[in-house]
Amino acid sequence: MPPSDTKVAGKGLGSLPDDDDRGVPSVESVMQPDAFTMFSRRVIGHRSFMVAAIIMITLIIVALFAPVLAPHDPLGQDLDRRLMPPVWNEAGSWTHPLGTDMMGRDYLSRLIYGARVSLIIGFSAMMISGVLGTVMGVCAGYFGGKVDMVITFLLTTRLTLPVIMVALALVAVVGGSLNTVILVLGFLLWDRFTVVMRSATMQIRNLDYIRAANAIGCSTRRIIFSEIMPNVLGSLLVIATFEIAHSILLEAALSFLGLGVQPPTPSWGLMVSEGKDYMLFDPYLVMLPGFAIFLLVLAINLLGDGARDILAPENRN
Amino acid sequence: MKIKHLAIPAAMAAALALSTPPAEAGKSDDTLTWISNSEPDNIDIYYNTLREGLILGRHIWDALMEIDPKTGEFQPSLAKSYKWIDDKTIEFDLREDIVFHNGEKFDADDVVFTLNYLADPNNKVKALSRTKFIAGGEKVSQYKVRAKLKYPFPAAMQYFASVIVIYPNEYYAKAGPKGMATKPVGTGPYKVTEVTYGKRFVLEKNENYMKGGPKTPSIGKLVFRRIEERGTQMAELLSGGADWIWRVPPDLAQRLDGRKGFQVTQGETMRIGFLILGASGKAGDHPMTNLKVRRAINYALDRDKIRKTLMGEASRIIHAACFPTQFGCIDDNVKRYEYNPEKAKALLKEAGFEKGFEAEFVAYRDRPIAEAIIGQLRRVGITAKMTYLKAGAYRELRRKKGVEIAFGTWGSSSINDITAIAGNWFQGSSDDNAQDKTVIDLLNQGNTTDQEVRKKVYAQAFERIADQAYWAPLFSWVYNYAYVDELDFTPSADEIPRFWAAKWK
Amino acid sequence: MLNFMTKRLFVAALVAFTVSVIAFSLLRLSGDLATMIAGEDASAQDIEIIREQYGLNKPYHLQYLDWLGDGVQGDLGESMFYPEEVTALIKDRLPNTLTLAGLGVLFAMGLAIPMGVIAALRPDSWVDRTALTIAVLGQALPGFWFALMLMFVFGLFLRWLPISGNETLAHFILPAISLGYYSTPAVMRLTRTGMLEVLNSDYIRTAHAKGLPTFVILFKHALRNAIIPVVALSSVQFGNMLGGSVVTETVFQIQGIGHLAWESISRNDFPVVQAVLLLVACFYIVLVLLGDLLNAWLDPRLRVT
């Protein structure tokens with residue numbers, strides 16, 4: 001077990017936000033409970049984290065079981081039943097609980113499948129940028145010197161480019177689709193991973209025990225995987241959640257501008273864009289998908305915030 | 001830092017104080033604000049290919065003659081009369097009392113200059129599709145001029161009576177294309193007082209417009225603004241920021257129609273929609289090369305339903321591959337394909353596609369209609385996979401590689417003659433998906449000034465096109481115009497709103 | 001110090017050069033320009049004529065060198081669509097974006113700094129919680145959706161403010177709020193953290209002990225120290241807003257460079273897109289460079305790296 005873990009757990013107790021609520025007596029800290037008990041207690045005690053986790057799990061289930069949950073085909077159009085209002089409206093009906101869009105497609109079904117699109121894009125883009133950014137960050141931090149110089153230069157250049165403009169231009173060049181958006185975002189959003197991994201690697205590399213491992217002839221790869229990675233996993237996880245949220249918001253914006261996922265794919269951003277012409281008369285077309293994006297991103301951000309508190313409570317504030 | 005804290009609310013308050021009612025608009029100050037979704041990149045009519053540019057241009061400049069939008073007859077404008085000298089020469093008698101907005105006198109020199117300017121490739125005129133037939137101009141006397149054509153072009157007068165407008169030669173020599181793009185000068189019913197690209201154009205009534213001319217203006221000031229979002233356009237109209245918008249989707253138009261203070265008018269345009277079926281097999285050996293399949297597609301489309309729900313009541317179903325009012329658009333003996341999915345399925349079975357097939361489907365505009373068509377094709381077993389492209393990429397793909405099914409629309413540049421549509425789509429150009437020798441030959445025979453011959457050969461050409469089902473013609477495009485009800489406005493089929501003819505009630 | 005500055009400047013120049021190459025190659029990869037210029041109803045023949053007239057058949061590397069050579073002299077070419085030089089076009093549009101981003105930053109700071117200060121003064125109070133909630137919600141709001149909602153409520157429903165356009169300063173209020181709101185959380189968190197740190201520091205305690213009024217301590221000593229990183233962050237946020245204003249400008253129809261970039265991208269107007277990308281990147285480079293130099297000047301330890 002890496003030494004820092006116990007350090008974190010022990011030191012963190014005092015500054016926990018919900019200390020009083022849980023009424024954890026100081027006796028326990030004296031008795032040094034094992035790290036896992038401490039960890040799970042912190043998770044359960046963290047209210048916003050729990051709420052976010054419930055929302056997130058619900059949305060993931062909705063996305064996974066979309067074909068079972070959706071009452072209609074999200075692409076099936078019915079020109080005779082266009083722009084039907086949701087059920088709470090006088091003219092609404094339970095056949096289409098959230099109404100239909102301008103092509104007569106069931107809005108609830110489209111929203112359900114939209115969760116899929118957002119989550120797929122969020123996770124896939126994060127995976128690409130995560131791998132890319134981590135590899136670059138670790139290389140820069142570990143090898144230093146020229147490697148670091150080149151990677152830092154790439155990082156500076158990337159930070160200089162306005163993400164949304166470059167993404168728009170790239171999607172315009174390649175042609176909008178789910179895959180294009182994932183790739184473009186994946187190849188644009190690696191910066192935070194690189195920054196964090198680079199400094200973390202640098203710090204750890206200079207620790208005595210890593211130097212020792214190096215000295216006794218451990219291979220570079222082994223040091224990176226067995227010593228460095230476990231130490232930065234926490235920070236990685238936190239960045240990963242923020243990048244998922246970031247990708248989801250960017251996809252929505254790109255699709256809204258017409259240069260993202262293409263119709264008839266049910267993407268929430270695209271749905272807002274298709275509905276905005278009708279905003280004055282049928283506001284639900286814009287409200288519902290917009291709120292869905294908001295809810296998902298909020299949950300992910302709260303998860304990230306919570307994870308940060310739980311993994312490294314001494315960093316709070 | 002204290003000061004800064006106070007400064008922020010102060011700045012906000014100041015900003016609010018500066019707030020004026022959203023734009024000047026309406027009858028009270030005699031200003032008509034019209035909003036459209038694109039802005040011409042260059043206000044000079046020959047250097048843009050956009051509809052809005054054409055509209056502004058028709059208000060700023062005059063053509064030699066004018067077409068009456070109701071009767072389709074030629075009316076005198078800059079010229080009192082015209083006559084064909086031979087099939088490549090037209091002579092115009094000019095009015096002698098006309099001045100440009102800057103006071104310059106109008107005469108034959110202006111006409112000759114403009115025609116020669118358009119014919120010279122070095123001038124990089126962008127609106128080539130409207131000007132390419134012009135070979136130049138010849139001065140006969142100070143008020144008599146001859147236009148020379150590159151080839152016999154029977155529809156030429158349609159152009160001379162609408163889009164071939166006349167420049168002031170002296171001003172142009174001084175100001176050049178840059179000057180014309182920023183301070184345009186013409187003879188038209190409105191003169192330009194402000195050109196701010198990306199913001200607005202302001203036009204004011206030309207008090208010296210030719211006496212008794214066909215475009216005598218009434219409203220004092222026209223302001224053009226561009227907003228590409230339809231929702232925003234609608235919001236501006238409802239909140240008083242605009243007086244006139246168009247191309248309103250039918251659902252929105254319907255919802256607006258009931259509102260007090262606003263009026264919605266539907267107007268048919270010369271634009272027609274159609275499916276281009278890859279009959280010549282340019283895109284490879286696919287089912288579209290089979291006549292039975294092409295006919296099946298024609299039977300599979302419920303044009304009436306799409307027309308009513310997504311286009312509007314004023315739209316009409318098209319049978320021949322042209323717009324009904326165009327000269328030569330004769331559909332009396334053209335084969336009509338009614339909506340009959342059973343017949344479509346039977347034909348597909350005969351062709352050996354009992355289980356249906358997959359086809360590529362390319363589109364570039366009017367996405368909902370494209371999606372509705374795909375939905376209907378699915379019902380007879382044809383799985384159409386849509387690729388939605390920008391206009392340019394769409395055209396390039398069609399021309400270079402060919403496509404199986406393409407969804408197309410064509411506005412004929414508002415030219416009321418079938419050469420403006422069949423000449424592009426069926427006379428052997430790279431836009432011609434059929435490459436049918438018989439059709440090409442018939443259309444070539446129509447390049448004569450003998451109107452009877454033209455009618456006869458065109459009728460035969462359209463019969464052949466429909467029988468071979470090279471296209472699946474759909475219906476005419478309809479625009480919904482929405483405006484404040486103090487405005488008296490009449491739409492016309494050529495997609496040119498005539499604001500000079502509009503009045504306050 | 002001089003050595004440090006030269007090094008930074010050199011890196012900045014190198015980054016700018018790389019961005020210029022990226023900007024150039026990115027847009028040349030897209031579709032056929034001649035087809036786009038020719039317009040919707042043009043025939044194949046028309047397009048060929050236009051291709052020759054505009055000289056679009058030169059090899060790419062020559063086109064880049066031409067562009068760079070002219071660009072260094074301040075000539076970024078002519079727009080393929082507007083009858084204007086790219087520089088003139090940008091000069092027209094840039095003030096709108098600067099106004100928007102400026103007001104956006106002002107809004108973000110005006111909202112975030114007081115909230116951050118109050119939150120730091122009363123940690124875990126309802127003020128702190130509200131501030132945190134606003135921050136968290138703000139980060140999750142999709143910008144375009146928020147903009148539409150603002151337009152709907154304040155423009156159409158209440159009719160307090162104009163809906164679209166950029167004619168008066170009032171036209172900028174809603175867009176500035178929708179753009180600035182997204183930066184609020186970051187600025188607020190930083191203010192709060194900074195204030196907490198300073199308030200807990202020894203010299204503030206000493207000030208208290210000396211009996212100085214709380215008001216003076218708060219503004220003269222605490223905020224002054226906490227504000228430096230906030231200002232630095234705000235300048236970076238300003239840079240981000242220049243690039244990120246695309247959505248806001250599009251929704252509110254503000255004719256700024258973001259909107260210009262978007263419409264130029266959708267119609268392949270290479271010269272304009274390249275110029276805007278380069279411009280936004282250069283703004284960012286300069287802002288970061290200034291931040292670096294400022295920090296280095298304040299904190300000599302940083303000059304080593």
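The structure displayed is predicted, hence computed values, not measured ones.

Let's shift gears to the overall build of chain B. Each helix and strand in chain B was counted, giving 16 helices and 18 strands. Computed over its C-alpha atoms, the radius of gyration of chain B comes to 25 Å, within 12% of the 23 Å expected for a compact globule of 505 residues. A principal-axis box enclosing the C-alpha atoms of chain B has dimensions of 75 × 75 × 45 Å. Across the 505 residues that make up chain B, the buried fraction comes to 59%. Restricting the contact set of chain B to residue pairs at least 6 apart, pairs at least 24 apart contribute 70%. Here chain B holds 72 positive side-chain charges and 64 negative ones, and the gap between their average locations is 4 Å.

In terms of nonpolar packing, the biggest core is built from 265 residues, with B:F92, B:L94, B:F160, B:W244, B:L487 and C:F144 touching the most fellow members. With 17 residues, helix α13 (residues 220-256) of chain A is the largest single contributor of residues to this core. Once you skip the residues sitting within four places of it in the chain, B:F160 turns out to touch B:A63, B:L64, B:M65, B:I90, B:F92, B:L115, B:F133, B:I134, B:A147 and B:L149. Counting residues in each nonpolar core, the second largest holds 40 residues, with B:A359, B:F361, B:A469 and B:V478 among its members.

Okay, the interface of chain C and chain A next. Listed per partner, the contact involves 44 residues of chain C and 39 residues of chain A. Carbon and sulfur atoms supply 83% of the area that chain C and chain A bury against each other, a total of about 3600 Å² over both sides. Considering only the surface of chain C that becomes buried against chain A, C:F144, C:W145 and C:I265 emerge as the three largest contributors, covering 17% of it. Connecting chain C to chain A are one salt bridge. Here A:D305 makes a salt bridge to C:R189, at a shortest N to O gap of 3.6 Å. Counting the contacts that link chain C with chain A gives two residue pairs in polar contact (both at pLDDT 80 or more). Listed by contribution, the elements that provide at least two residues to the side of chain C that touches chain A are α1 (2-28), α6 (126-140), α7 (143-157), α9 (184-199), α11 (214-244), α12 (246-252), α13 (257-266) and α14 (270-298) of chain C. The element that contributes the greatest number of residues to the side of chain C that touches chain A is α1(C), accounting for eight residues.

Residues and elements named next belong to chain B. Counted according to the given criterion, the structure contains one disulfide over all chains. Shown here is the disulfide that connects C322 with C329, its sulfur atoms set 2.0 Å apart. Judged by the sign of its S-S torsion, about 85°, the cystine formed by C322 and C329 is right-handed. Taken individually, C322 and C329 each receive the classification buried, so the pair is uniform in this respect.

Given two aromatic rings, their pairing is described by the distance between the two centres and the angle made by the two planes. Under the criterion given, the structure shown has 46 aromatic pairs over all chains. Taking 5.0 Å as the distance between ring centres and 70° as the angle between the ring planes, the aromatic pair formed by B:Y117 and B:Y172 counts as edge-to-face. Here the residue B:Y117 occupies a position in helix α3 (residues 108-119), and B:Y172 occupies one in helix α6 (residues 169-182), the gap between them amounting to 55 residues. In this pair, the class of B:Y117 matches that of B:Y172, namely buried. Taking the centre distance of 5.3 Å and the plane angle of 90° together, the rings of B:W410 and B:W425 count as edge-to-face. Separated by 15 residues along the polypeptide, B:W410 in strand β15 (residues 405-410) and B:W425 in helix α14 (residues 419-425) bring together distant segments of the chain. By the burial criterion, B:W410 is buried, and B:W425 matches it. One aromatic cluster in this structure is built from B:W34, B:F201, B:F224, B:W244, B:W246, B:Y479, B:Y481, B:Y483, B:F489 and B:F499. Above the ring of A:F256, the side-chain terminus of A:K276 is found at 5.0 Å from the ring centroid.

What follows deals with the pairing of strand β8 (residues 190-196) of chain B. All names here are of chain B. Note that β8 and strand β9 (residues 200-205) share six bridges and pair antiparallel. Paired with Y190 across the strands is K205, a residue of β9. Between β8 and β9, which pair antiparallel one after the other, the connecting turn spans three residues, and G198 there sits at a positive phi close to 85°.

Before going further, it helps to spend a moment on the domain arrangement of chain B. Residue and element names in this part refer to chain B. Partitioning chain B into structural domains gives domain 1 (45-179) and domain 2 (270-477). One C-alpha centre belongs to domain 1, the other to domain 2, and the line joining them spans 34 Å. Summed over both partners, the interface of domain 1 with domain 2 comes to about 940 Å²; 58% of that surface belongs to carbon and sulfur atoms. For domain 1, the biggest contributors to the area lost against domain 2 are R51, P154 and Q158; these three give 48% of the whole. Between the two partners, domain 1 and domain 2, sit zero salt bridges. Where domain 1 touches domain 2, the interface holds one residue pair in polar contact (both at pLDDT 80 or more). For the side of domain 1 that touches domain 2, the per-class residue count stands at six nonpolar, three polar and two charged.

To continue, consider the sheet that holds strand β12 (residues 262-277) of chain B. All names here are of chain B. The strand order across the open sheet formed by 10 strands is β8-β9-β10-β1-β11-β16-β12-β15-β13-β14, and the pairing between neighbours is mixed. Each end of this open sheet is capped by a strand with a single partner; those strands are β8 and β14 (382-388). Where β9 meets strand β10 (residues 221-226), five bridges bridge the pair, whose relative direction is antiparallel. Within β10, the residue paired with E204 across the bridge is K221. Helix-sheet contacts for helix α8 (residues 250-257) involve β12 and β16 (471-484), and the interaxial angle to β12 is about 170°.

Quick notes on the rules
- Residues numbered from 1 in each chain as written.
- Chains lettered and ligands numbered in written order.
- Predicted model: local features only at pLDDT ≥ 70, side-chain atom pairs only at ≥ 80, totals over all residues.
- Heavy atoms only, no water.
- Helix = DSSP H or I, 4+ residues; strand = E, 2+ residues; numbered from the N terminus.
- Rg over C-alpha atoms; globule rule 2.2 N^0.38 Å.
- Buried < 20%, exposed > 50% of the residue type's maximum accessible area, 1.4 Å probe, protein only.
- Contact = heavy atoms within 4.5 Å.
- Lys, Arg positive; Asp, Glu negative; His and termini not counted.
- Charge placed at Lys NZ, Arg CZ, Asp CG, Glu CD.
- Core = buried A, V, L, I, M, F, W, Y, C linked by side-chain atoms within 4.5 Å.
- Buried area = accessible area lost by both parts, 1.4 Å probe.
- Salt bridge = Lys/Arg side-chain N within 4 Å of Asp/Glu carboxyl O.
- Polar contact = N/O pair within 3.5 Å; in protein donor to acceptor, adjacent residues only side chain to side chain.
- Disulfide = S-S within 2.5 Å.
- Phe/Tyr/Trp six-rings, centres within 6.5 Å; stacked < 30°, edge-to-face > 60°.
- Lys NZ or Arg CZ within 6 Å of the ring centre and 35° of its normal.
- Pairing = 2+ DSSP bridges.
- Domains from an automatic or database assignment.
- Nonpolar A, V, L, I, M, F, W, Y, C, P; charged D, E, K, R; others polar.
- Axes fitted to C-alpha atoms, helices over the stretch in contact; angles between N-to-C directions.

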